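Chain and residue survey
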Amino acid sequence: MPPVLQVEGLTKEFLLHEQGERIPSCTGVFLEAWAGCLTALVGPTGAGKSSVLKCIYRTYLPTAGRILYRDRAGQVLDIARATEQQALRLRRGEIGFVTQFLHCLPRRSAVEVVAEPLVARGVDRGTAWSSAGEMLARLGVPERLWSVPPATFSGGEKQRVNLARGLLGRPRLLLLDEPTASLDPAATERAVAVIQSMKAEGMAMLAVFHHPDLVSRLADQVAELVPSLAGKEREAS
């Protein structure tokens, strides 16, 4: 089977218009993601790990390189050159992203937030909410909190809601940006178990983890990023 994702020479720079200066974030990144496997992105702070994920999700527009995504129909699209409509289609049905922070409407309950990907695909509300409750339970979110807006939750509870939403949608490719950074050991073990089960179902994952132990436990392959030379020179000056 060919890889779900191939990243070739990905580079992202930010332009400071007033100074006329380009700030490098990630440079010359090569990696692959396969169905049923987790690729871990590792590297020091400033190497651009989060930028890589955001370029793949097209939150950022890459400066250079190719991001080749193979969809369920076997068609290959270069996300770096995709239209906004094509990128939106992928986000709705093919690619999921669990960011470091939960972003949602303030008065929606936790179960509504988690069920959102299913409802967006046309699943009836009752079925979607039931599935959302099951995922929240698997990640250890108490049932008494399911009807409460996540804005009132602790950092770890918000992160579990965020992870539940990303996993429930069962995207073909899931991007994870430090999904366990705010979790205690017990909650982390629950998250690891669910991630492993999603891998077993064939989901491809590309992840940044806070702890090296999680990389060794979950990663099938590792892509190491290094800070760009320009970034090192700037820090030295």
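For the structure, check the block above.
Description of the structure in this document.

**Here's the deal with the overall build of the protein**
- For the protein, the count of helices and strands is eight helices and nine strands.
- Among the 237 residues that make up the protein, the fraction classed as buried is 47%.
- Expressed as a percentage of contacts within the protein between residues at least 6 apart in sequence, the contacts between residues at least 24 apart total 69%.
- If you sum the accessible surface of the protein, you get close to 11700 Å²; carbon and sulfur atoms cover 52% of it.
- Across the protein, the centroid of the 28 positively charged side chains sits 4 Å from that of the 25 negatively charged ones.

**Digging into the packing of helix H3 (residues 110-120) against helix H4 (residues 125-138)**
- Contact pair H3 / H4: the axes reach a minimum separation of 8 Å and the direction vectors enclose 120°. Classed by the angle they form, the pair H3 and H4 counts as oblique. Crossing geometry of H3 relative to H4 is assigned as right-handed. Mapping the contact onto sequence places Ala110, Val111, Glu112, Val114, Ala115, Leu118 and Val119 in H3 and Ala128, Trp129, Ser131, Ala132, Gly133 and Leu136 in H4.
- The class makeup of the residues in the contact of H3 with H4 is 10 nonpolar, two polar and one charged.

**Points about the pattern of salt bridges**
- On inspection of all chains with the given rule, the structure shows 11 salt bridges.
- Across the salt bridge formed by Arg66 and Glu8, the nearest N and O atoms sit 2.7 Å from each other. Here Arg66 is found in strand S4 (residues 64-70), whereas its partner Glu8 is found in strand S1 (residues 5-16), with 58 residues between them in sequence.
- Of the residues examined, Arg66 reaches a relative accessible area of 39% and is grouped as partly exposed.
- Of the residues examined, Glu8 reaches a relative accessible area of 25% and is grouped as partly exposed.
- Where Glu201 meets Arg170, a salt bridge forms, and the shortest distance between an N and an O atom there is 3.1 Å. Here the residue Glu201 occupies a position in the loop between helix H6 (185-200) and strand S8 (204-208), and Arg170 occupies one in the loop between helix H5 (155-168) and strand S7 (173-177), the gap between them amounting to 31 residues.
- Each of Arg108, Glu116 and Arg165 takes part in one network of salt bridges that share partners.

**What to know about the sheet that holds S1**
- Spatially, the four strands line up as an open sheet ordered S2-S1-S4-S5, and their pairing is antiparallel. Strands with a single pairing partner mark the edges of an open sheet, and in this sheet they are strand S2 (21-33) and strand S5 (76-78). Within this sheet the neighbouring strands show an average axis-to-axis angle of 25°, counted without direction.
- Contacts between helix H1 (residues 49-57) and the sheet are confined to S1, S2 and S4, with S1 contributing the most and set at about 105° to the helix.

**Overview of the packing of aromatic side chains**
- In total, this model carries two aromatic pairs according to the counting rule given.
- Ring centres 5.2 Å apart and planes at 65° place the aromatic pair Tyr57 and Phe97 in the edge-to-face group. Here Tyr57 is found in helix H1, whereas its partner Phe97 is found in strand S6 (residues 95-98), with 40 residues between them in sequence. Neither residue differs from the other here; Tyr57 and Phe97 are each classed as buried.
- Sitting over the ring of Phe14, Lys12 keeps its end group 5.0 Å from the ring centre.

**Concerning the layout of surface pockets**
- Its boundaries defined by the atoms lining it, the largest pocket holds a volume of some 610 Å³.
- If you list the elements that add at least two residues to the lining of the largest pocket, you get helix H2 (84-93), S6, H3 and H5.
- Looking at which element gives the most residues to the lining of the largest pocket, the answer is H2, with four residues.
- When its residues are assigned to classes, the lining of the largest pocket shows eight nonpolar, eight polar and six charged.

**Thoughts on empty space enclosed by the protein**
- Scanning the model with the defined rule gives one cavity of 30 Å³ or more in all.
- Empty space within the largest cavity amounts to approximately 40 Å³.
- Taken together, Ile56, Tyr57, Arg58, Ile79, Ala87, Leu90, Arg91 and Ile95 make up the lining of the largest cavity.
- Looking at the lining of the largest cavity, the elements that each hand over two or more residues are H1 and H2.

Calculation rules
- Residues numbered from 1 in each chain as written.
- Predicted model: local features only at pLDDT ≥ 70, side-chain atom pairs only at ≥ 80, totals over all residues.
- Heavy atoms only, no water.
- Helix = DSSP H or I, 4+ residues; strand = E, 2+ residues; numbered from the N terminus.
- Buried < 20%, exposed > 50% of the residue type's maximum accessible area, 1.4 Å probe, protein only.
- Contact = heavy atoms within 4.5 Å.
- Areas by Shrake-Rupley, 256 points an atom, 1.4 Å probe, with all protein chains shown as cover.
- Lys, Arg positive; Asp, Glu negative; His and termini not counted.
- Charge placed at Lys NZ, Arg CZ, Asp CG, Glu CD.
- Axes fitted to C-alpha atoms, helices over the stretch in contact; angles between N-to-C directions.
- Parallel < 35°, antiparallel > 145°, perpendicular 65-115°, else oblique.
- Left-handed = near helix turned anticlockwise from the far one by under 90°.
- Nonpolar A, V, L, I, M, F, W, Y, C, P; charged D, E, K, R; others polar.
- Salt bridge = Lys/Arg side-chain N within 4 Å of Asp/Glu carboxyl O.
- Pairing = 2+ DSSP bridges.
- Phe/Tyr/Trp six-rings, centres within 6.5 Å; stacked < 30°, edge-to-face > 60°.
- Lys NZ or Arg CZ within 6 Å of the ring centre and 35° of its normal.
- 1 Å grid on protein atoms, 1.4 Å probe; cavity = no way out; pocket = protein on both sides within 12 Å on 5 of 7 lines; lining within 4 Å.
- Points joined across faces, edges and corners; volume = space filled by probe spheres on them.

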